[in-house]
Every structure is written in structure tokens, then in C-alpha cells.
Amino acid sequence: SHHAGDDFARLRAARLAHAGMVGALGVFGFVTQRAALFWLGWLVVAILLHYEHRLVSPNDVRRVNQAFFVVNGWVSALLLVTTVVDCAYRWPLPF
């Protein structure tokens, strides 16, 4: 059977996993001394993940497919492109 408490727990786990991923990507970018394009992609990914979690709530999970499949697809593509291009060209940070 379906309980709103289960949805709350799942959404919280997803939020924690996404926060951990953003943090780990930040550590990766720092340790590998990524350049400007990587950090732009990192920022947009963090914003997209925040948006993803605003699309659903424990009381209304109707948009869960849009949130977790469509947005995650964009996140994956954005991370791939910005990281590969950053590694290839290494545009310097503007500060």
C-alpha cells in the first residue's frame, strides 16, 4: 500500500543523495583544479537539482517522472558536456 510517509522518506533520501553529489562534484572540481566551464556546469546542476525537488512534495508526487527522469537527464548531459569541454580547453577562472 501507499503512504505519504514513504514518499517523504524517499524524497528526503533523494535530496540527501543530490546534496552529497553536488558536494562530491565540488571536491572533484577543487582537487582536479577544474576551470571556469566546469564550475558553471556545477552551478547549473545544483540549481537544476534544487528545481527538481521543488517539482514534487510528499503530498503530491504526480510530477515525479518529470522531476527525476527529465531533469536528471539534463543534469547528466550538462555534466558530461561541461566536464569534457573544460578538460579539453581549460578556460581560466575570471578571478
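Above: the structure in question.
Procedures and definitions
Residues numbered from 1 in each chain as written. Predicted model: local features only at pLDDT ≥ 70, side-chain atom pairs only at ≥ 80, totals over all residues. Heavy atoms only, no water. Helix = DSSP H or I, 4+ residues; strand = E, 2+ residues; numbered from the N terminus. Rg over C-alpha atoms; globule rule 2.2 N^0.38 Å. Buried < 20%, exposed > 50% of the residue type's maximum accessible area, 1.4 Å probe, protein only. Contact = heavy atoms within 4.5 Å. Areas by Shrake-Rupley, 256 points an atom, 1.4 Å probe, with all protein chains shown as cover. Salt bridge = Lys/Arg side-chain N within 4 Å of Asp/Glu carboxyl O.

Student: Before we go on, may I ask you to explain the overall build of the chain in this structure?
Tutor: In terms of helices and strands, the chain carries 3 helices and 0 strands. In the chain, the succession of α and β elements from N to C terminus is α-α-α. Computed over the C-alpha atoms, the radius of gyration of the chain is 16 Å, more than 25% above the 12 Å expected from 2.2 N^0.38 for a compact globule of 95 residues. The principal-axis extents of the C-alpha atoms in the chain amount to approximately 50 × 20 × 20 Å. Sorting the 95 residues of the chain into buried and exposed places 27% on the buried side. Excluding contacts between residues fewer than 6 apart, the proportion of contacts in the chain whose partners are at least 24 apart in sequence is 65%. Accessible area of the chain: about 6500 Å², with a carbon and sulfur share of 70%.

Student: Would you mind going over the pattern of salt bridges with me for this structure?
Tutor: In the structure shown here, the tally under the stated rule is 2 salt bridges. Close ionic contact of Arg-10 with Asp-7 constitutes a salt bridge, the shortest N to O distance being 3.5 Å. Here Arg-10 pairs with Asp-7, and both are found in helix α1 (residues 4-31), just 3 residues apart, close to one helical turn. Exposure remark for Arg-10: the relative accessible area of 54% places this residue in the exposed category. One salt bridge connects Arg-34 with Asp-86, and the closest N-O pair in it is separated by 2.6 Å. Of this pair, Arg-34 sits in the loop between α1 and α2 (36-54) while Asp-86 sits in helix α3 (residues 64-89), placing them 52 residues apart in sequence. Under the relative-accessibility criterion, Arg-34 is labelled buried at 11%.

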